[in-house]
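Listed below, chain by chain, are the residues.
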Amino acid sequence: MAEFETVLYEEVGGVAWITLNRPDRLNAFNFKMQEELQSIWRDLRRNEDVRCAVLTGAGDKAFCTGIDRYEAMGDWDDPDDAGRSQGGAVGRDRGTGGAGDTPWHFDDPGDLLGPKANDLWKPVIAAVNGMACGGAFYMLGEVEFIVASENATFFDPHVTYGMTSCFESMHMLQKMPFHEIMRVALLGANERMSAQRAREIGLVSEVVPLEQLHDATAWVANAIAAAPPVAIQGTVRSIWAARELSRMQALDMGRVIIRLGSQAASLYAGQQQFASGKRVEPRIR
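Residues numbered from 1 in each chain as written. Predicted model: local features only at pLDDT ≥ 70, side-chain atom pairs only at ≥ 80, totals over all residues. Heavy atoms only, no water.

Enquirer: For this particular structure, what's the right way to read the sheet that holds strand 1 (residues 7-12)?
Expert: Sheet strands pair by backbone hydrogen bonding; their relative direction is either parallel or antiparallel. Strand order in the open sheet formed by 6 strands is 1-2-3-5-7-10, with mixed pairing between adjacent strands. Edge positions in the sheet fall to strand 1 and strand 10 (206-208), since each has one partner strand and no second. Strand after strand, the sheet turns through a mean of 20 degrees between neighbouring axes, direction not considered. The pairing of strand 5 (residues 124-128) with strand 7 (residues 145-149) spans 4 bridges and is classified as parallel. Its bridge partner lying in strand 7, alanine 126 is registered against isoleucine 146. Its contacts with the sheet place helix 1 (residues 31-44) against strand 1, strand 2 (15-20), strand 3 (52-57) and strand 5, and it is angled at close to 175 degrees to strand 2. (Pairing = 2+ DSSP bridges. Helix = DSSP H or I, 4+ residues; strand = E, 2+ residues; numbered from the N terminus. Axes fitted to C-alpha atoms, helices over the stretch in contact; angles between N-to-C directions. Contact = heavy atoms within 4.5 Å.)

Enquirer: Sorry if this is basic, but what is going on with the packing of helix 9 (residues 229-244) against helix 10 (residues 247-260) here?
Expert: How two helices sit against one another is set out by the angle between their axes and by the gap between those axes. Two elements in contact, helix 9 and helix 10, have axes separated by 10 Å at closest approach and are oriented at 170 degrees. By the angle between their directions, the pair helix 9 and helix 10 is classed as roughly antiparallel. Residues Val230, Gly234, Arg237, Ser238, Ala241 and Ala242 of helix 9 form the contact with helix 10, whose participating residues are Ala250, Met253, Ile257 and Leu260. Looking at the contact of helix 9 with helix 10, its residues break down into 7 nonpolar, 2 polar and 1 charged. (Parallel < 35°, antiparallel > 145°, perpendicular 65-115°, else oblique. Nonpolar A, V, L, I, M, F, W, Y, C, P; charged D, E, K, R; others polar.)

Enquirer: Is there a simple way to think about the environment of glutamine 212 in this case?
Expert: With respect to the helices, strands and loops of the structure, glutamine 212 is situated in the loop between strand 10 and helix 8 (213-225). Taking the C-alpha atoms as reference points, glutamine 212 and glutamate 150, 62 residues apart in sequence, are found 9.9 Å from one another.

Enquirer: Honestly, unusual backbone geometry in this entry has me stumped. Any pointers?
Expert: What is expected of a backbone is that most residues other than glycine have negative phi and most peptide bonds are trans. The residue asparagine 27 is not glycine, and still its phi comes out positive at about 60 degrees. Turning to its location among the elements, asparagine 27 is positioned in the loop between strand 2 and helix 1. A positive phi angle, close to 60 degrees, is found at aspartate 119, a residue other than glycine. Along the polypeptide, aspartate 119 turns up in the loop between helix 3 (79-84) and strand 5.

Enquirer: So what exactly am I meant to see when it comes to the pattern of salt bridges here?
Expert: One side chain can pair with another of opposite charge once the charged atoms of both are near each other. Scanning the model with the defined rule gives 10 salt bridges in all. Between arginine 197 and glutamate 180 there is a salt bridge whose closest N-O contact spans 2.3 Å. Placement of arginine 197 in helix 7 (residues 195-200) and of glutamate 180 in helix 6 (residues 178-187) is noted, with a sequence separation of 17 residues between them. Classification of arginine 197 by relative accessible area gives partly exposed; the value is 34%. Residues participating in the shared-partner salt-bridge network are Arg22, Arg25 and Asp68. (Salt bridge = Lys/Arg side-chain N within 4 Å of Asp/Glu carboxyl O. Buried < 20%, exposed > 50% of the residue type's maximum accessible area, 1.4 Å probe, protein only.)

Purely geometric numbers; function is a separate question.
Following this line, the structure appears as structure tokens:
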């Protein structure tokens, strides 16, 4: 895979490690990072060497602090200009999405960021270190689950700076109870959710000391990568479909997914392992 300017990429034992690499900007995403993440997600669809991915941020201060406002916002002297930007993002020539003269052609600056938006159904785990706020929710809303360091915090400062918390809150409503994302969105920069609170509400699956974040995430990623990929990807697709559809629609789709996701070779290998008496030694979380 090509070298990137804003992202570090490494493949280790069937796991792709994707690190947002703008620590001087607290890993805020700019137009280049959007392009590079889209390229990575799309390429991973056909990379048979990778069976699971981990998304994290460089440094220990931030996973991602959303859109790079220095690049996106520019210098506005005319408040009417800001109004035409439709929520804080200007035209593509300035770097990150925006609208034309009407509100019907808005380019959401987060359109390219997430794996599901790019039709990737391999599992993606987020390893959140430090701050995760605002536009980071585009990515966190589309991962399978989150492992967080003890210093991780989650917040959305949009309303504090006069912007509507729209797409980000919609993504996180799929991960958080209604009242929790509403509180995060409405309090803006006034409050940050701790990693422990995020685990209590189900947003985060595990909280570990910062120095253990890589190893803890590697353990789950490697365990997932060791399983048959068609079964893993079919499972990911099934559960996301069940979230989006009604129960009966999801069950009907499941009849198709389970046929596509059941390979004779994998089923035979699994049966042979079971018959041999060998069992996986599980850990208790």
